[in-house]
Amino acid sequence: MKQDIWSPDGVRNHLRNVLNENQRAFITDRAQVERKRQLRTWTHTAVQVYSDADERGRTQSVVPAISGTAGPMTRNWLSVAVAASLVLTGLVACSRSETESTSAAKAATVASDGVHIDFGRVQVSADASVAPIGTKVAVGSESAATPLDTTLFRPFAPAIDIQLGDGGVQPRSSLRLSFNLDRTAVETQISQGNTPVVLSRSAQGDIDVLPTTWDSGAAELRAASPHSSGFWPGWLDAKAITQSIADGVAAALNLRFPKPDCVGAPAELNGVAISASPVDRDVAWPCVAAHDGRLEVALQSNSAWVWLGKTVPAAQSYEVHGRDLAGSIAAGVFYESRGGKTDNTSVLVPGDTTRIPFVPENPPTRGEVQIDAGLSLVSVVLSEIDVAAKLLHLDLGLYRELSEHIDKLSCLSHAAEDLNQLSGNDFAVRAGALGRGMIDCVGAIGGVAGGVFLGVVAGIISALFISLGGIWNTLTGENEAFFSIAVTRLDVATERGYMRITLGMTAKDVLAVLSPPVRDATSYGHCRVISKMPDAPYNFAVWIDTTKGIVTGIGTPLGTKTDRGVGDGSTPAQILAAYAADHTIEQGAVGGQGMSAIIVKPKQTTDQTHFICFPIKEDGNAGPPSIGRRYAEEGC
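Residues numbered from 1 in each chain as written. Predicted model: local features only at pLDDT ≥ 70, side-chain atom pairs only at ≥ 80, totals over all residues. Heavy atoms only, no water.

Remarks on the overall build of the protein
Broken down by element type, the protein carries 14 helices and 35 strands. Evaluated residue by residue, the protein yields a buried proportion of 51% over its 636 residues. Partitioning the contacts of the protein with sequence separation of at least 6, the portion at a separation of at least 24 is 69%. (Helix = DSSP H or I, 4+ residues; strand = E, 2+ residues; numbered from the N terminus. Buried < 20%, exposed > 50% of the residue type's maximum accessible area, 1.4 Å probe, protein only. Contact = heavy atoms within 4.5 Å.)

A few points about the pattern of salt bridges
Counted under the stated rule, the structure contains eleven salt bridges. For R366, the salt bridge identified is with E368, shortest N-O distance 3.4 Å. The partly exposed category is assigned to R366, whose relative accessible area is 36%. The partly exposed category is assigned to E368, whose relative accessible area is 23%. A single network of salt bridges, built from pairs that share partners, joins D215, E220 and R222. (Salt bridge = Lys/Arg side-chain N within 4 Å of Asp/Glu carboxyl O.)

Considerations on the packing of aromatic side chains
Here the structure, examined in full by the defined rule, presents three aromatic pairs. Relative to W543, the ring of Y524 has its centre 6.2 Å away and its plane inclined at 25°; by these criteria the two rings are stacked. Placement of Y524 in the loop between β27 (519–523) and β28 (527–531) and of W543 in strand β29 (residues 541–545) is noted, with a sequence separation of 19 residues between them. (Phe/Tyr/Trp six-rings, centres within 6.5 Å; stacked < 30°, edge-to-face > 60°.)

As for the state of the cysteines
Scanning all chains against the criterion turns up three disulfides. Disulfide pairing is shown between C262 and C287; the S-S distance is 1.9 Å. Given an S-S torsion of about 75°, the disulfide between C262 and C287 has right-handed geometry. You can see C262 sitting in the loop between α5 (238–253) and β14 (267–269) and its partner C287 sitting in strand β16 (residues 284–291), a full 25 residues away along the chain. At a sulfur-sulfur separation of 2.2 Å, the disulfide partner of C527 is C636. Negative torsions about the S-S bond denote left-handed disulfides, and the value of about -85° found for C527 with C636 makes this one left-handed. In this pair, C527 is assigned in strand β28 and C636 in the segment after β35 (626–627), connecting sequence segments 109 residues apart. Overall, the relative accessible area of 0% leaves C527 in the buried class. Look at the protein and number its bonded cysteines as they come in the sequence; the links are 1-2, 3-4, 5-6. (Disulfide = S-S within 2.5 Å.)

Some details on the pairing of strand β11 (residues 212–215)
Summarising the sheet, β11 and strand β12 (residues 220–225) pair through four bridges and their orientation is antiparallel. Considered in β12, the bridge of D215 is made with E220. Between the antiparallel neighbours β11 and β12 lie four residues, among them A219 with a positive phi of about 55°. (Pairing = 2+ DSSP bridges.)

A few points about the environment of E480
Inspection of the secondary structure puts E480 in strand β23 (residues 480–489). For E480, a relative accessible area of 36% gives the class partly exposed. Placed 171 residues apart in sequence, E480 and G309 show a C-alpha to C-alpha distance of 9.8 Å.

Digging into the environment of D215
With respect to the element layout, D215 can be found in strand β11. With 37 residues separating them in the primary sequence, D215 and S178 have C-alpha atoms 9.8 Å apart. A distance of 3.1 Å separates the side chain of D215 from the backbone nitrogen of G217, its partner in a polar contact. (Polar contact = N/O pair within 3.5 Å; in protein donor to acceptor, adjacent residues only side chain to side chain.)

Structure below.
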């Protein structure tokens, strides 16, 4: 069917098509989107302190520089984390800072030996190449609020603002900044795993993180900036940042999706009707449909986990659809992990739909879905990346990278499989490393901005995966769900009905099913008989007990067989062979008015009205079966 979309060319084309849709169609609840947005605004960041001691052992590097191209994530992810955190709230409204300095601005001009300005406890300097000789450099207080949420970023000292010329000149070489800070305050934060940083924000609102070192001996936080702007010395709260992303993922793992209107509705094709039972615990919504000469069961996810589905017996083929980027990637990882051979298994990603088509001649009888926990975590993280990237208006180029480098899908599939091998005890020990490995599979994408963003995810992914250990353990005993598929030929009789008429229907329901003309008559005083072929020797007639208001019997026309292949023209021996194993059987003069007949009732039912009566004709063979009513009975 469409499994070939996960060939190399198919993956490229499919992911491009998905991206062009430019929407997360599976989230339909707007309030839910807003809750996710609020939870994620300050997620995806990480902190770690790197040491780079000089020959005196005094200077500690706390934020490595971000180069023009993304380097190895294992070295650059701190600066990546900081920058992405800043971008997330870079457009906050301006207000007066609580730490604003009242010092008057100071200025100097660029000379042949450069420029140096002391502004309170801050020193600003630059080489002569920073601007043309004579250019004015001014340092003053920055009046805007800090560009980060105060629960995540806290200032060590008042912010400053640096301008060259009339404010429209940008430096040609770096500006050097040195903030003299309280040594104990800074080193307390470092010891607690928090990261001293200097933030900058341009007049256009762009947020940046600077190459930063902490000189313990001089108690100075030093940075170099390629542009003039506002600068904030402070620190990032690692615990608050980690908690924020954990809350966001927890929200994602609790997502549920609306029940479609099609759930519970049957479908028909070429005289065959199909229906599906609910899926255990409603982890998915089953719908049935008929089109293009085949029947299908469509399972729409109602879970935040990835499920693998199959039918018994196996359906003819499967179709996979991805309505958002993360879902398409999850499906791609699934197929790549199996080398394109799915063993009649379909993948159901969160909020999405998988379709299981089959021909009426070979219908499945039941279905089952099973959680792929490893692929689930990969899918959740990729979904979080997609959501956060959209909040940042950031194009990671993830679809291009994965569609052009199928080996990255293979790498992700190995990460998912490794996660699946973890037990509850192993998960807490090894999940973090596997989470980092999963992000490494994606690699450096999206240029510098992409490196920044993915570095954030790489930084918190270990702690995040470890925090999911409790959720992982709750999957025990809840990782499978089942549903049944009922396929019935409408032109065969069962203990419950014939065609689309069933015992217990009302007259109104019967008339809605039967197309005119019909004959509507009364018999035996309280029996209403609606007939399709009133003059036939064996009439298709629906018997309704007017005292109850429901169908109590159905007579079938010549040629009718039951769903077990016996009926009009069958021998008594054939009928007994078809029903003896699981039905109670009466035979002899058990028909209406003492007529010879065979009556079969399911052994597992307590409803005595559900039975089939096979009248035995003079030639010794059966006539058309009668349902819920003994043939020729005087009454309804």
